Amino acid sequence: MGTPSPRAVLVLAAALAGLLAPRAAYGQPNFIVILADDVGWGDLGANWAETKETPHLDELAAEGTRFVDFHSAASTCSPSRASLLTGRLGARNGVTHNFAVTSVGGLPLNETTLAEVLQEAGYSTGAIGKWHLGHHGHHHPSFRGFDYYFGIPYSHDMGCTDTPGYNLPPCPPCPRHGAAARIARKDCYTEVALPLFENITIVQQPVNLSSLAARYAEEAARFIRQASNSGRPFFLYLALAHMHVPLGVPSPPPASGRGIYGAALSEMDALVGWIKRVADSHGKGNTLLWFAGDNGPWAQKCELAGRLGPFVGAWQRQRGGSSAKQTTWEGGHRVPALVYWPGRIPAKRTSHALLSTLDIFPTLVALAGVALPPNRRFDGLDVSPVLFGWSDVGHKVLLHPNSGAAGKDGEIETLRLAQYKAFYTTGGAMACDGSIGPAEHHQPPLIFNLDRDIQEQEPLDLASREYQAVLPAISRAYAQALEDIATDNVSVADYSKDPAATPCCNAQHVACRCQAPGSHAAVLDPRTERRATRLCL
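Owing to the predicted nature of the structure, the values given are computational and were not obtained by experimental measurement.

*Asks:* So what about the overall build of the chain? Which residues, and what values?
*Replies:* Tallying secondary structure elements over the chain gives 12 helices and 17 strands in all. Counting across all 537 residues of the chain, residues that qualify as buried make up 59%. Of the contacts formed within the chain by residues at least 6 apart in sequence, a portion of 72% connects residues at least 24 apart. Total accessible area on the chain is roughly 20500 Å²; 56% of this is exposed by carbon and sulfur atoms.

*Asks:* An account of the nonpolar core is requested, with residue identities and associated values reported.
*Replies:* Soluble globular proteins: nonpolar side chains tend toward being buried together. In terms of nonpolar packing, the biggest core is built from 51 residues, with Phe31, Leu114, Phe235, Tyr237, Leu288, Trp290 and Leu364 touching the most fellow members. Those elements giving two or more residues to this core turn out to be strand 1 (30-36), helix 3 (77-86), helix 5 (114-120), strand 8 (234-239), strand 9 (287-293), strand 10 (337-340), helix 10 (360-368) and helix 11 (384-387). Examining the composition of this core, we find that 6 residues originate from one element, helix 10, more than from any other. What leucine 364 contacts, discounting residues up to four positions off in sequence, is Phe31, Val33, Leu114, Leu118, Phe235, Leu288 and Trp290. Listed in part, the 49 residues of the second largest apolar core include Ala217, Ala221, Leu247 and Leu271.

*Asks:* Mind laying out the layout of surface pockets, listing which residues take part and the relevant values?
*Replies:* For the largest pocket, the calculated volume is near 720 Å³. As for the largest pocket, its lining consists of 31 residues, and the residues nearest its centre are Asn98, Asp187, Trp298, Gln300 and Gln326. Among the residues making up the lining of the largest pocket, the classes are represented as 12 nonpolar, 12 polar and 7 charged. For the second largest pocket, the calculated volume is near 310 Å³. Forming the walls of the second largest pocket are 16 residues, and the residues nearest its centre are Arg92, Asp379, Val397, Leu399 and Ala481. Sorting the residues of the lining of the second largest pocket by element identifies strand 13 (397-401) and helix 12 (465-486) as the ones contributing at least two each. When residues of the lining of the second largest pocket are assigned to their parent elements, the largest contribution, 4 residues, is made by helix 12. Here the lining of the second largest pocket is composed, by residue class, of 9 nonpolar, 3 polar and 4 charged.

*Asks:* Let's hear about the sheet that holds strand 14 (residues 412-417): which residues, and what values?
*Replies:* Each strand in a sheet pairs with another by means of backbone hydrogen bonds, the pair being arranged parallel or else antiparallel. The strand order across the open sheet formed by 4 strands is 13-14-15-16, and the pairing between neighbours is antiparallel. Of all strands in the sheet, those with a lone pairing partner are strand 13 and strand 16 (440-449), marking the two edges. Taking each pair of neighbouring strands and ignoring which way they run, the sheet shows an average axis angle of 20°. Sheet topology note: the strand 13/strand 14 ladder contains 5 bridges and is antiparallel. Following the sheet pairing, leucine 398 is matched in strand 14 by arginine 416.

*Asks:* Run through the pattern of salt bridges, naming residues and quoting values.
*Replies:* Scanning all chains against the criterion turns up 26 salt bridges. We note a salt bridge from glutamate 53 to arginine 307, for which the minimum N-O separation is 3.6 Å. On the criterion of sequence distance, the pair formed by glutamate 53 in the loop between strand 1 and helix 2 (55-63) and arginine 307 in the loop between strand 9 and helix 8 (314-317) is long-range, its members being 254 residues apart. Connected through shared salt-bridge partners, Arg88, Arg92, Glu111, Arg377, Asp379, Asp484 and Asp488 make up one network.

*Asks:* I'd love a proper account of the pairing of strand 8, names of residues and values included.
*Replies:* A large share of strand 8 lies buried, amounting to 6 of its 6 residues. Note: strand 1 against strand 8, 5 bridges, orientation parallel. Bridging from a neighbouring strand, isoleucine 34 pairs with leucine 238 of strand 8. The pairing of strand 4 (residues 124-129) with strand 8 spans 6 bridges and is classified as parallel. Bridge pairing in strand 8 links glycine 126 to leucine 236.

What counts, and where the lines are drawn
- All residue numbers here refer to positions counted from 1 along the written sequence of the relevant chain.
- Only residues with pLDDT of at least 70 get local features here, since the model is predicted, and only at 80 or more are side-chain atom pairs given and counted; chain-wide, interface and lining totals rely on the full set of residues.
- Side-chain measures were taken over the full set of non-hydrogen atoms in the model, leaving aside hydrogen atoms and water.
- The helix and strand labels rest on DSSP assignments: H or I over at least four residues marks a helix, E over at least two residues marks a strand, and numbering proceeds from the N terminus.
- Only protein chains enter the calculation, and the probe is 1.4 Å; a residue is then buried if its accessible area is under 20% of its type maximum, exposed if over 50%, and partly exposed in between.
- Whether two residues are in contact is decided by their heavy atoms: any pair within 4.5 Å suffices.
- Note that accessible areas follow from Shrake-Rupley with a 1.4 Å probe, and for residues the cover is restricted to the protein chains shown.
- In plain words, nonpolar cores are sets of buried Ala, Val, Leu, Ile, Met, Phe, Trp, Tyr and Cys residues tied together by side-chain atoms within 4.5 Å.
- Buriedness of a pocket was judged along seven lines, with at least five required to meet protein on both sides within 12 Å; pockets are open sets of points on a 1 Å grid over the protein atoms alone, cavities are sets where a 1.4 Å probe fits but cannot get out, and lining residues have an atom within 4 Å of a point.
- Grid points are joined across faces, edges and corners, and a volume is the space filled by probe spheres set on the points.
- Polar here means any residue outside two lists: the nonpolar Ala, Val, Leu, Ile, Met, Phe, Trp, Tyr, Cys and Pro, and the charged Asp, Glu, Lys and Arg; Gly therefore counts as polar.
- For two strands to be treated as a pair, DSSP must find no fewer than two bridges joining them.
- Working convention: axes come from line fits to C-alpha atoms, limited for helices to the stretch in contact. Angles between N-to-C directions cover 0 to 180 degrees.
- Salt bridges are defined as contacts in which a side-chain nitrogen from Lys or Arg sits within 4 Å of a carboxyl oxygen from Asp or Glu.

Now the structure itself:
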């Protein structure tokens, strides 16, 4: 190999300087990660022309970079969130399915969260919104690296409220009297009201769902302003309740089910727009905002579910069941994603790089100038070169675990290699019509070419030259991935349950109300919502 020319050395030096510029020139950046719940890839107008309810998100896409091949690390709530905050799949971090209201455990305490790494690096850290990674004892977010927490411990349909929003099936409001007045409904939580936490204090139980989005916006803005005024860099993790099921009844109520969903989508869009404006005003020009979904739409909610766009999983639909949330079809894990950082991240850019929520952890850690936690392996990549427009290359291989549709929870069932997607197990989640696609195991795997078949309609013919050419590389990648996980420092989550772990601010009152029904403090007034009713942890 010859000696490089002086010009080549200068070019290399300039490139390296560019890689270091975003942190070195501007100090440690601020980070805002906004995670939407059960949002469809087609729920953004920037992705899908039929969607008209997201002008602020579309503006964010125009002023930043839009990722069109971006994936959640799992296709259900707890595993997806655990992977975002650890950079590791559930097969490594131990979180393979959702935690319950009565869960004793949560994200294993030996797993290091993104908040813990950034907190150690001097960041102010805040979490606002849905947690769903354990609420009992030290699994609570206040003990997982967050200086401030305001939100609900799990999904907003996992507890009754006095102001229930739309749901299928509809759920009744919280009981106000004794057991005789309680109404049992399938898939509804009627015994315990949904709590709202500020740090380790329950400040409202039941939550007023109709004002929850506004309170999240208010608390997020307050955190950003206070952190900015402190002079410290900040990390805000804003995990929205939208679009799980609509939070409240719009006024006036829309005439159609799509109108209901559309109204909720507009509310989410306005909230994100508000956060962007606050960040622009108080982020000192050094704030990266990353918006993504936690998984695809919840199809069994019918007209209250989001839009898949073109990712319909046609092969599965022909056999029954949904190909969205809980599945490893594209509709289950391909999610909208936008990144915005004025002056740093190119505007009006669309990236086709294969990326994941797994990449958020290592990318932000690298931009903060700190090291990844030792003694463990990561599934995410530092994709800052993609963010800054210097590259459009992401993962060579991306793994998709079962998230409840078929097979063992957390098991790696599907693998993406370039444009090829291989299924070792298929299955459909519950669809709007109540059907569930049976689990089918495939050896050799089903392989789809997504460049030609984004609808996942027709797998490659096993006898075809294309199938025979790609199968060896897929088989090697799959075996190597399983071996890498098996030899890693793997955690095990505690999924045991105990009614005593249920968040309850006053067990003497029906549904754990903080005050007796009808009393002055039970009125949903902002002046009374910050009561210091402490939860025993």
